[in-house]
Amino acid sequence: LPISGVLLKNSKHNLFRGNIIRNNTSYLTGIHISNSSPDIYDNNITNNNGNGIFCENNAKPTISNNNIIGNSLFGLNNADGSVSVTADDNWWGDVGGPGDNDLNGLVDASSWLTQPVSLVAAAAQDTLFVVAGEADSLSIYFQNLLQPDDVIDVSITDDTGWLSAPPDTTLSMR
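Residues numbered from 1 in each chain as written. Predicted model: local features only at pLDDT ≥ 70, side-chain atom pairs only at ≥ 80, totals over all residues. Heavy atoms only, no water.

**Digging into the sheet that holds strand 6 (residues 44-46)**
Whether parallel or antiparallel, the strands of a sheet pair through hydrogen bonds between backbone atoms.
Here's step 1: One open sheet holds the three strands; their spatial order is 3-6-9, and the pairing between them is parallel. Looking along the sheet, the strands with just one partner apiece sit at the ends: strand 3 (20-22) and strand 9 (67-69). Pairs of neighbouring strands in the sheet enclose a mean axial angle of 5°, with direction left out of account.
Here's step 2: Examined bridge by bridge, strand 6 and strand 9 share three bridges and lie parallel to one another. Bridge pairing links Ile45 to Ile68 in strand 9. (Pairing = 2+ DSSP bridges. Helix = DSSP H or I, 4+ residues; strand = E, 2+ residues; numbered from the N terminus. Axes fitted to C-alpha atoms, helices over the stretch in contact; angles between N-to-C directions.)

Below is the structure:
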């Protein structure tokens, strides 16, 4: 019997960003964290058969800007009574913040979002400086957590004349 959709054990400095973690039928959780300190940002953690996020054995995640809703046990369950987990600025499915079935254990969720996270954008940087006359690229990733098939209009402005790409581009979300 699997115990989680994602299992992170004895690990440091991991980033979960822009993922949809949903409908896991495993026993415990969508994300199971044990003795690890991941950053969990900008995700949809929904409708998992157990907990949305389960923490144990000195787990110290940073959890922010996620949609954590509709999980059958708890949205966030901290089973370690000696460590407090901070989960500020997440959407818990209600403008009033987390309800009775959203949090369990030592959890600080004293601030929350009053609407769901929808659009996530992240840029991947490969160079800091480019010599005049040289070419470089920038990758920008978009994810609409609420409507994955969404279309985004992107306008690129270049006051210096450096860019050779068309100024307006339409992207289809995949």
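**A word on the pattern of salt bridges**
Here's step 1: The full count for this structure, using the stated rule, is one salt bridge.
Here's step 2: The closest approach of N and O atoms between Arg17 and Asp42, which form a salt bridge, is 2.6 Å. Residue Arg17 is found in strand 2 (residues 12-17), and its partner Asp42 is found in the loop between strand 5 (37-41) and strand 6; the two are separated by 25 residues along the sequence.
Here's step 3: Of the residues examined, Arg17 reaches a relative accessible area of 40% and is grouped as partly exposed. (Salt bridge = Lys/Arg side-chain N within 4 Å of Asp/Glu carboxyl O. Buried < 20%, exposed > 50% of the residue type's maximum accessible area, 1.4 Å probe, protein only.)

**Some points on unusual backbone geometry**
With the exception of glycine, the majority of residues adopt a negative phi angle, and the majority of peptide bonds are in the trans configuration.
Here's step 1: Positive phi is not limited to glycine here, since Asp42 has a value of about 60°.
Here's step 2: Relative accessible area serves as the criterion here: at 7%, Asp42 is assigned to the buried category.
Here's step 3: Look at Asn47: it is not a glycine, yet its phi comes out positive at around 55°.
Here's step 4: Mapped onto the fold, Asn47 is located in the loop between strand 6 and strand 7 (51-56).

**Quick word on the sheet that holds strand 12 (residues 103-104)**
Here's step 1: The strand order across the open sheet formed by five strands is 1-4-7-10-12, and the pairing between neighbours is parallel. One side of each edge strand has no neighbouring strand; the edge strands of this open sheet are strand 1 (4-9) and strand 12.
Here's step 2: Bridge count for strand 1 against strand 4 (residues 29-34) is five bridges, and the pairing is parallel. If you follow Leu8 over to strand 4, its bridge partner there is Ile33.

**Digging into the environment of Gly81**
Here's step 1: Among the structural elements, Gly81 can be located in the loop between strand 10 (76-78) and strand 11 (85-86).
Here's step 2: Residue classification places Gly81 among the exposed residues on the basis of a relative accessible area of 65%.
Here's step 3: When the C-alpha atoms of Gly81 and Asn57 are compared, they prove to be 9.4 Å apart, with 24 residues separating the residues in sequence.

**Some thoughts on the side chain of Asn51**
Here's step 1: If you trace the backbone, Asn51 turns up in strand 7.
Here's step 2: Its relative accessible area of 1% is what places Asn51 among the buried residues.
Here's step 3: From its side chain, Asn51 meets the backbone nitrogen of Phe74 in a polar contact 3.3 Å long.
Here's step 4: Reaching out from Asn51, the side chain makes a polar contact with the side chain of Asn77 at a distance of 3.4 Å.
Here's step 5: Excluding residues within four positions of it along the chain, Asn51 makes contact with Leu28, Thr29, Gly30, Asn71, Leu73, Phe74 and Asn77. (Polar contact = N/O pair within 3.5 Å; in protein donor to acceptor, adjacent residues only side chain to side chain. Contact = heavy atoms within 4.5 Å.)

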